[in-house]
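# Tertiary structure, described
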Amino acid sequence: MSTINRKAIRARVHTRIRKKIAGTPERPRLAVNFSNQHVYAQVIDDTKGVTLCAACTKNVELKQANKESAAKVGALIAEKALAAGITEVVFDRGGFLYHGKVKSLADAAREAGLKF
C-alpha cells in the first residue's frame, strides 16, 4: 500500500497543469510557489528555459507567508514584469488551490497591471 500525502498530490496536480500551459516569449508563465516561511513568484519563458523576473518575500523583508505578503509579492512581480516589457502572462498556480495566498497574489498582480 502506497502512502499518498499532500505534497505528492500537489506534485501530481502540478504535473497535470504543466501539460496544459507553457510560457512563450510573447506570453510567459507566472509561476508561484510557497514554503512555510516565504512566497515566491517567477515569470518564466519556457521556450528558452529562462526566468525573466522574480520576486519573493525574502526581497521584501517580510517575515510571514500570509495573504498580505502574497499580495505584496504579486504587486512586486507585476511591477518588475511591466518594467521588463511583459504585459500578458499565463498563470501557473503550481498545484495549489486557487484560494487564499494564491488568489491574493493573482489579484494583486492583476491590479498592478498584468493581464492573464
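You'll find the structure just up there.
Treat the numbers as computed from the prediction; the structure is a model and nothing was measured.

## So, the nonpolar core
Judged by nonpolar contacts, the single largest core of 24 residues is most densely connected at L30, V43 and L105. Going through the elements one at a time, β1 (29-34), β2 (39-45), β3 (50-56), α3 (67-83) and α4 (101-111) are the ones with two or more residues in this core. No other element matches the 6 residues that α3 contributes to this core. Excluding residues that lie within four positions of it along the chain, L30 makes contacts with A41, Q42, V43, I77, V89, V90, F91, D92, L114 and F116.

## Re α3
Between its first and last C-alpha atoms α3 spans 24 Å; for 17 residues at 1.5 Å apiece the expected length is 24 Å, and the two agree. All of the buried residues along α3 are S69, A70, V73, G74, L76, I77, A78 and A81. Contacts from the buried residues of α3 go to β1, β2, β3, α2 (57-60) and α4.

## Remarks on the side chain of R29
Summarising the element assignment, R29 is placed in strand β1. Separated by 2.8 Å, the side chains of R29 and D46 make a polar contact. Apart from residues lying up to four places away in sequence, R29 is in contact with R18, I21, G23, Q42, V43, I44, D46, V90 and D92.

What counts and how
Positions within a chain are numbered from 1, following the residues in the order the chain's sequence is written. Owing to the predicted nature of the model, reporting of local features is limited to residues with pLDDT of at least 70; listing and counting of side-chain atom pairs is limited to 80 or more, with chain, interface and lining totals taken over all residues. With hydrogens and water excluded, all non-hydrogen atoms of the structure serve as input to the side-chain values. Nonpolar core, defined: a set of buried Ala, Val, Leu, Ile, Met, Phe, Trp, Tyr and Cys residues in which side-chain atoms within 4.5 Å join the residues together. Burial classes follow relative accessibility: with a 1.4 Å probe on protein chains only, a residue under 20% of its type's maximum area counts as buried, one over 50% as exposed, and anything between as partly exposed. Starting at the N terminus, helices and strands are each numbered in turn, a helix being any DSSP run of H or I of at least four residues and a strand any DSSP run of E of at least two. Only heavy atoms enter the contact rule, under which two residues are in contact if any of them lie within 4.5 Å. Given the number of residues in a helix, its expected span is that number minus one, multiplied by 1.5 Å. We define a polar contact as two N or O atoms separated by no more than 3.5 Å, with the added condition that, inside protein, one atom must be a possible hydrogen donor and the other a possible acceptor, whereas residues neighbouring each other in sequence contribute only through side-chain atom pairs.

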